[in-house]
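Structural characterization, general
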Amino acid sequence: MKLKLLIGMVCLMALPSLARSQEADTTSSRKWYAPDGVTLQFAGNIGLLSVAPSYDFAHDKITAELFYGFVPKFDADEALHLLTLKGVYKPFGKVPLTNDFSVTPLRVGLGLSYYFRSQFSTNWSNAYPTSDYYWWTSSLRLTGGLGPALNYTLPNSSTFKELSLYGDVGTYDLIATSAFKDKTLTTWDILNFAVGVRISIR
Amino acid sequence: MFIKLKQYGHTALGPALLLLLALSNQACEEFEYSPYEVRLEEGEKQINQRNIARIEALNIAPEDTFQFILASDVQGFYEENEAMVKNINRRNDIAFLLLGGDLTDFGLAKEFKLINEDFGTLHMPYVAVVGNHDAVNNGQQAFKAMYGDFNTSFAIGNSRFILLNTNYIEFDKQVPDLDWLEKELAASAGYKNIFVLSHIPPGNYEFGKENRARYEQLMSQYHVTYSLHGHNHKFNAYYPYDGTVPYVQTAAAEDREYLVFTVTGEYVSFERVNF
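Residues numbered from 1 in each chain as written. Chains lettered and ligands numbered in written order. Predicted model: local features only at pLDDT ≥ 70, side-chain atom pairs only at ≥ 80, totals over all residues. Heavy atoms only, no water.

Regarding the overall build of chain B
- Looking only at helices and strands, chain B features eight helices and eleven strands.
- For chain B, the proportion of its 275 residues judged to be buried stands at 60%.
- Of all intrachain contacts in chain B linking residues separated by at least 6 positions in sequence, the fraction that spans at least 24 positions is 72%.
- Of the accessible surface of chain B, which amounts to about 11,300 Å², a share of 49% is contributed by carbon and sulfur atoms. (Helix = DSSP H or I, 4+ residues; strand = E, 2+ residues; numbered from the N terminus. Buried < 20%, exposed > 50% of the residue type's maximum accessible area, 1.4 Å probe, protein only. Contact = heavy atoms within 4.5 Å. Areas by Shrake-Rupley, 256 points an atom, 1.4 Å probe, with all protein chains shown as cover.)

This is the structure we're talking about:
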């Protein structure tokens, strides 16, 4: 039930960018802030579901996305809301499979998340005896991942250009340092999966 | 699959994605939503409460002799923890184990789960008190969901155990709750032995300077048997205040040491064990 609500919310959030792109068709000049696509991601430590406007740079080799992510409270007292700025680098070009399908062999992503909520602070309390009592910043988390994407060209749509389905294997800063500190932590202890879909706009 | 998708066109992609989402949602815990998420299995909830019930079910009589272990600061030392649990499981003379806080480095539910994977395989129950590292990030919510109340107590034989949250800075200077402690101590009047366990010892700055005198005065006033601590990653035994109550601070798991306490009637002793 909650998941349905979330998907609905995400669709609503995507609407303004679609409207803008249609407007762009008629005026043939897109506003600088109009995104080149909309990305929806499941898991990957940036929310159970997260949604982002997506921007392409450097002939699509680099993509920048700003995700809003949501984590239900599950067994905690409260849900989590976070923003993640994610850069994706695609070192290799698309490999065509058929007329409509192609594969992007590798996407390398790096994201910086900011957590809202009072228990996460950007500065530790000055009540600590030393300024380096805890070395990390609580409200900011660094995530990274890599994986391929399957792309499908949408030939009959005047609004959308391409639909991409991607998968990610990733980790994040704190657990990666734990694995560095203790060699018995296995790869499976620190890795996690994500799947996402991106629709690019004409 | 590609050909099928092509035939049905992009109308097939929607249901396919939803199916994938539904499958992944159920199947796999490798899908993580946030480092700060608190998403637990049934067996990972209310561990203290369930283990205290197991300790009470031992039905140890006041005249019985029993032994318990104090270990502390196990954060991130998974290799040493595995060795410790193996070592402890080789002996069969221990009633239960007390964990003196800092189960985690970052208060992550994932770290608590990994720790419970180790200490959950102990042949005896374990009970944990919250440490300062357990209370950072989203750790307070994670600890509460997994281990329960920050302050708790239980009794076995003629001994009473009081677990106190002393993480002054992480709890915005609202702890330790010394009024609660005094009530617990007053309620322990019928017991021969009283053990008070907390992570940060009162001599540390992070205990809150204004709390030290009253804590030490309470320990002496109620004739506490031992004031037990961790936090400083170093064994220490000393008699502060009026010299009547022993304070014992145990080493960290990385030092490959734990303490074994033996309770026989009113007589309590402890030994340091290296593994």
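Read on, since the account is not over.
A short note on the overall build of chain A
- Helices and strands together make up the secondary structure of chain A, namely three helices and nine strands.
- In chain A, the succession of helices and strands from N to C terminus is α-β-β-β-β-β-β-β-β-α-α-β.
- In chain A, which comprises 202 residues, the share counted as buried stands at 46%.
- Across chain A, the fraction of contacts at a sequence separation of at least 24, relative to all contacts at a separation of at least 6, is 56%.
- Put simply, chain A shows about 10,300 Å² of open surface, and 66% of that area lies on carbon and sulfur atoms.

Quick notes on the packing of aromatic side chains
- Enumeration according to the criterion identifies 48 aromatic pairs over all chains in this entry.
- Ring geometry for B:Phe119 versus B:Tyr126: centroids 6.0 Å apart, planes at 50 degrees, classification tilted.
- Accessibility expressed as a relative area gives 1% for B:Phe119, which makes it buried.
- On the basis of relative accessible area, B:Tyr126 is assigned to the buried category, the value being 2%.
- It is A:Lys181 that lies over the ring of B:Phe77; its NZ or CZ is 4.5 Å from the centre. (Phe/Tyr/Trp six-rings, centres within 6.5 Å; stacked < 30°, edge-to-face > 60°. Lys NZ or Arg CZ within 6 Å of the ring centre and 35° of its normal.)

Some thoughts on empty space enclosed by the protein
All names here are of chain A.
- Overall, the coordinates contain three cavities of 30 Å³ or more when judged by the stated rule.
- Taken as a whole, the largest cavity spans an internal volume of roughly 130 Å³.
- Around the largest cavity, the lining comprises 17 residues; the ones closest to its centre are Gly44, Thr143, Gly144, Gly145 and Asp168.
- Considering each element in turn, the lining of the largest cavity owes the most residues, four residues, to strand S8 (residues 160-172).
- Counted by class, the lining of the largest cavity contains five nonpolar, ten polar and two charged residues. (1 Å grid on protein atoms, 1.4 Å probe; cavity = no way out; pocket = protein on both sides within 12 Å on 5 of 7 lines; lining within 4 Å. Points joined across faces, edges and corners; volume = space filled by probe spheres on them. Nonpolar A, V, L, I, M, F, W, Y, C, P; charged D, E, K, R; others polar.)

What about the environment of B:Glu41?
All names here are of chain B.
- Considering the arrangement of structural elements, one finds glutamate 41 in the loop between helix H2 (13-27) and helix H3 (47-56).
- Under the relative-accessibility criterion, glutamate 41 is labelled partly exposed at 45%.
- Considering only alpha carbons, one finds glutamate 41 and glycine 208, 167 residues apart in sequence, at a separation of 36 Å.

Re the sheet that holds strand S8 (residues 236-238) of chain B
Residues and elements named next belong to chain B.
- Pairing is mixed in the open sheet, where six strands are placed in the order S4-S5-S6-S7-S9-S8. On the outer flanks of this sheet lie strand S4 (152-156) and S8, each paired with one strand and no other. In this sheet, adjacent strand axes meet at a mean angle of 15 degrees when their direction is disregarded.
- In this sheet, strand S9 (residues 247-249) lies alongside S8 in antiparallel orientation, the contact comprising three bridges. Residue pairing across strands places tyrosine 238 opposite tyrosine 247, the latter belonging to S9. (Pairing = 2+ DSSP bridges. Axes fitted to C-alpha atoms, helices over the stretch in contact; angles between N-to-C directions.)

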